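Here is what each chain is made of, one letter per residue.
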Amino acid sequence: ARELFGDRIRVMSNNHDVLHEADCLAVITEWNAFRMPDLDRIRKELSSPVIFDGRNIYSPEKMREMGFTYYCIGRAPVLSEAALPVADSYSPGRI
């Protein structure tokens, strides 16, 4: 990868190092190492608790319980409380 992308990517020694202050986590593999993650740690490391799951390996209900905004393939997204619109910001007649 380094030969192809040069200094445009960073290679990390473990899967948790890449999470620190990342905008989101994108899951694109079904490897067993990613099937039982430490979701508390992931949520704390990410700058926003957002997961894009391209393999549908996580439970939408579990993601909701853990406070993640969760996008998966072929299923409705799960929006965390932080991602939902605030009721006070609504004003009738205003779009």
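Per chain, residue numbering runs from 1 following the sequence as it is written. Under the rules for a predicted model, residues below a pLDDT of 70 receive no local features and side-chain atom pairs below 80 are neither given nor counted, while totals for whole chains, interfaces and linings still include all residues. Heavy atoms throughout the structure, all of them, feed into the side-chain values; hydrogens and water do not.

### What about the confidence of the model for the protein?
Worth spelling out the cut-off: pLDDT gives the predictor's per-residue confidence on a scale running from 0 to 100. A run of H or I in DSSP counts as a helix once it spans at least four residues, and a run of E counts as a strand once it spans at least two, with each numbered from the N terminus.
In this model, the protein carries a mean pLDDT of 83, and residues with pLDDT of at least 70 account for 85%. Mean pLDDT across the secondary structure elements of the protein bottoms out at helix H1 (residues 2-5), with 84, and peaks at strand E2 (residues 50-53), with 96.

### Quick look at the layout of surface pockets
Note the cut-off: Put simply, the grid is 1 Å and covers the protein atoms alone, a cavity is a trapped set of points that fit a 1.4 Å probe, a pocket is an open set with protein on both sides within 12 Å along at least five of seven lines, and lining residues have an atom within 4 Å of a point. Grid points are joined across faces, edges and corners, and a volume is the space filled by probe spheres set on the points. Note on residue classes: Ala, Val, Leu, Ile, Met, Phe, Trp, Tyr, Cys and Pro are nonpolar, Asp, Glu, Lys and Arg are charged, and everything else, Gly too, is polar.
Computed from the structure, the largest pocket encloses a volume of approximately 390 Å³. What lines the largest pocket is a set of 18 residues, among which Asn15, Val18, Leu25, Ala26 and Phe34 lie closest to the centre. When residues of the lining of the largest pocket are assigned to their parent elements, the largest contribution, 3 residues, is made by strand E1 (residues 25-27). Taken together, the residues that form the lining of the largest pocket break down as 14 nonpolar, 3 polar and 1 charged. Its volume calculated, the second largest pocket comes out at about 210 Å³. Lining the second largest pocket we find Ala1, Ile9, Arg10, Val11, Met12 and Val18. In terms of residue class, the lining of the second largest pocket is built from 5 nonpolar, no polar and 1 charged.

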